[in-house]
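Chain and residue survey
The chain contents come next:
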Amino acid sequence: MSARAPGGMPVAILAAAVMALSTVSAVPAAAAPAVPAPAATPLPPGAETFGKSIKIASVRRHLERFQSIADAAGGVRAAATPGYDASADYVADRLRAAGYRVTTQEFKISFFQERTTPVLRRVSPTTATYEPGVQFRTMTYSGSGKVTAPVRGVDLTLPPSRTPSSTSGCEASDFAGFVRGHIALMQRGTCSFQVKAELAQAAGASAVIIFNEGQIGEGTADRRPLINGSLNASSVTIPALGADFATGAALAARGTTVSLSVDAESAPDRRTHNVIAESRHGDPDRVVMLGAHLDSVAAGPGINDNGSGSAAVLETALAAAPLRTRNRLRFAFWGAEELGLLGSKHYVAALPPAERAKIRLYLNFDMIASPNHVFGIYDGDSSDPDSESRPPAGSAQIEQLFEAYFKAVGQPYQDSEFTGRSDYGPFIAVGIPSGGLFTGAEGIKSPEEAVKFGGVAGTAYDKCYHQACDTIANIGDLALAVNTGAIAAAAFSYAYARDLPGGDTAGSFGTGGPRTSGPRTGAPGTDGPRVGADRAGGDRIGEWWWGGRQQGSPRTGGGGLRGGHDHAHDAHAHAHGHAGVLG
């Protein structure tokens, strides 16, 4: 039996792959044909092999450890809890044993967790009991209390207008004549949930319920699903619930009285930490960074969200430990993502400008094993015609690398919205090229996606999203295996790349001008060439590897993973959202 490197790749194969990659000669740009034929596998030598060498059994062992940690810690691994601390210790210990320089970065958070399951019941004029996590949810940083009181609608628009426009609860005048002690019922729209809750509290409301506005649409245009919102940690002391449109409309009926209870704990000065591991090889001024959030929500163990991304990044790091790379590899395991990207925000904000400039790209992996998965790649070139995002220059090239891997292994893929609502957000905000993968959260799989990816149409990508059932049984093994391979292939590729996405422009957001690429011509599940060229050389796969020009690489599948399914950090503003997010 031949010797094998960590992850299972034979040493001889690994060495040959590295040698092939490191000795590829530059191809002058002028020598490239005007319209080259796409390469069959436009990946750097050795990347696909390294990706496939990662063993799914090893990744699942990490997930099993996260599950056992949660089981011993009350069923959760939320930031600033014993379950998170034990998860971080496990990751740090494995990385130190593999030879990485490991540091922990402490930061302060406003802690929040529910001690018991919330209750919402209508007691008149008819009775009904609503289901937590389906029809309503406690807003992060809600106050606690038990209330039975009449419901008072505040400047509601029922039926809803054709387009989002509600100003419900956004002005003090909306509460003129409000009876103290009643429950304020408000629609999402225009101002933040925080503003609505503060004004309601000032008017004497005993609790607030904020429900979705009600417009029918697709993706982020659908304002009917359950709101998953967040408030600031300190100013609102009354219970605050988010609800779907149907529940809110029912509670708006004249004469409605409800009974509700929230039992939650908030602490404005808890401390938690990130785990950062850096390799001992490669140019320290050319850092390739991969990350995943390690914390769960307070409702469950978070094995898909986001044990899956953490386990895959951890196993990739272990497999890459012996590599003598050209560029420095850095791996991050973020704390408090579920409370508003707090760990990654703290990390980026704390970097001196010179250190920030060394990070040439960041790759993020958040929910990569949803059981009713799609294969989503962050839309780094803003090719979705409805996209309003303009990621930093070089992000398009990262998207293309992932596409190349999925093509090489024969798996379909589609765009995933790239709007800054997971831990890549702080990186793209300062102009660092970024990318990543996502398999879907509470959004509903379309019939077209079911044809393309398998699974069940009309059902959530992850029916256990942010719930206690997000256990080891909630992992989709195919998605976990394919995406782990893609993660490892990307790490290997960029570890040895002579030219990195964005070149020397990392840190200068918006360079390269507006996007000029035309629309995709490929239908879902088919190959279709690109029209035009992406900004900042975004379609030049060959160029960022060894100097050649290979424009217009084909893509598999049109259509994007839309509707705010970027880890569901969407306009519905759930608990990952920020306190200032618009209602």
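Predicted model, so just to flag it, every value in this text is computed and none were measured. (Residues numbered from 1 in each chain as written. Predicted model: local features only at pLDDT ≥ 70, side-chain atom pairs only at ≥ 80, totals over all residues. Heavy atoms only, no water.)

Topic: the overall build of the protein
Rules: Numbering goes from the N terminus for both helices and strands, where a helix is a DSSP run of H or I of at least four residues and a strand is a run of E of at least two. Here's how the labels work: a residue is buried when its accessible area is under 20% of the maximum for its type, exposed when over 50%, partly exposed in between, all with a 1.4 Å probe on protein chains only. We call two residues in contact whenever any of their non-hydrogen atoms come within 4.5 Å of each other. Accessible areas in this description were obtained via Shrake-Rupley with a 1.4 Å probe; residue shielding takes into account the shown protein chains only.
Assigned secondary structure in the protein consists of 14 helices and 19 strands. Taken over 583 residues, the protein has a buried fraction of 59%. Long-range pairs, those at least 24 residues apart, make up 80% of the contacts in the protein with a sequence separation of at least 6. For the protein, the exposed area adds up to about 20600 Å²; of that, 55% sits on carbon and sulfur atoms.

Re the state of the cysteines
This is how the line gets drawn: Note that a disulfide, as used here, is simply two cysteine sulfur atoms within 2.5 Å.
Going through the model one piece at a time under the given rule, you end up with two disulfides. Each sulfur in the disulfide pair Cys 170 and Cys 191 lies 2.1 Å from the other. The disulfide joining Cys 170 to Cys 191 has a torsion of about -90° about its S-S bond and is therefore left-handed. Placement of the pair is Cys 170 in the loop between β5 (145-153) and β6 (183-187) and Cys 191 in the loop between β6 and α5 (193-202), with a sequence separation of 21 residues. On the accessibility criterion, Cys 170 (16% relative accessible area) is buried. Taking relative accessible area as the criterion, Cys 191 reaches 11% and is therefore assigned buried. Here Cys 464 connects covalently by a disulfide to Cys 469, the sulfurs 2.1 Å from one another. In this structure the cystine formed by Cys 464 and Cys 469 twists about its S-S bond by roughly -115°; its chirality is therefore left-handed. Note on Cys 469: relative accessible area 34%, which makes it partly exposed.

Considering the pattern of salt bridges
Once the charged atoms of two side chains with opposite charge are near each other, the side chains can pair. What counts here: For this document, the term salt bridge refers to a Lys or Arg side-chain nitrogen within 4 Å of an Asp or Glu carboxyl oxygen.
Applying the stated rule across the entire model yields 12 salt bridges. Put simply, Glu 278 and Arg 330 hold a salt bridge, and the shortest N to O gap is 2.6 Å. Pair noted here: Glu 278 is in strand β10 (residues 264-278) and Arg 330 is in strand β12 (residues 327-334), with a separation of 52 residues, a long-range link. Residues Glu 278 and Arg 330 agree in their burial class; the two are buried.

A word on the packing of helix α10 (residues 395-408) against helix α13 (residues 477-496)
How we decide: Note on geometry: axes are lines fitted to C-alpha atoms, helical ones only across the stretch in contact, with angles between N-to-C directions running from 0 to 180 degrees. Relative orientations are named as follows: roughly parallel for angles under 35 degrees, roughly antiparallel for angles over 145 degrees, roughly perpendicular for angles from 65 to 115 degrees, and oblique for any other angle. Crossing handedness is defined as follows: a turn of the near helix away from the far one that is anticlockwise and smaller than a right angle gives a left-handed crossing, while the clockwise case is right-handed. Side-chain classes are defined by residue name, with Ala, Val, Leu, Ile, Met, Phe, Trp, Tyr, Cys and Pro counting as nonpolar, Asp, Glu, Lys and Arg as charged, and the others, Gly among them, as polar.
At a minimum axis separation of 10 Å, α10 and α13 run at an interaxial angle of 125°. Judged by the angle between their axes, α10 and α13 are oblique. Handedness of the α10/α13 crossing: right-handed. Together, Gln 397, Ile 398, Leu 401, Phe 402, Tyr 405 and Phe 406 of α10 and Val 482, Asn 483, Gly 485, Ala 486, Ala 489, Ala 490, Ser 493 and Tyr 494 of α13 make up the contact between the two elements. Looking at the contact of α10 with α13, its residues break down into 10 nonpolar, four polar and no charged.

These figures come from the coordinates and say nothing about function on their own.
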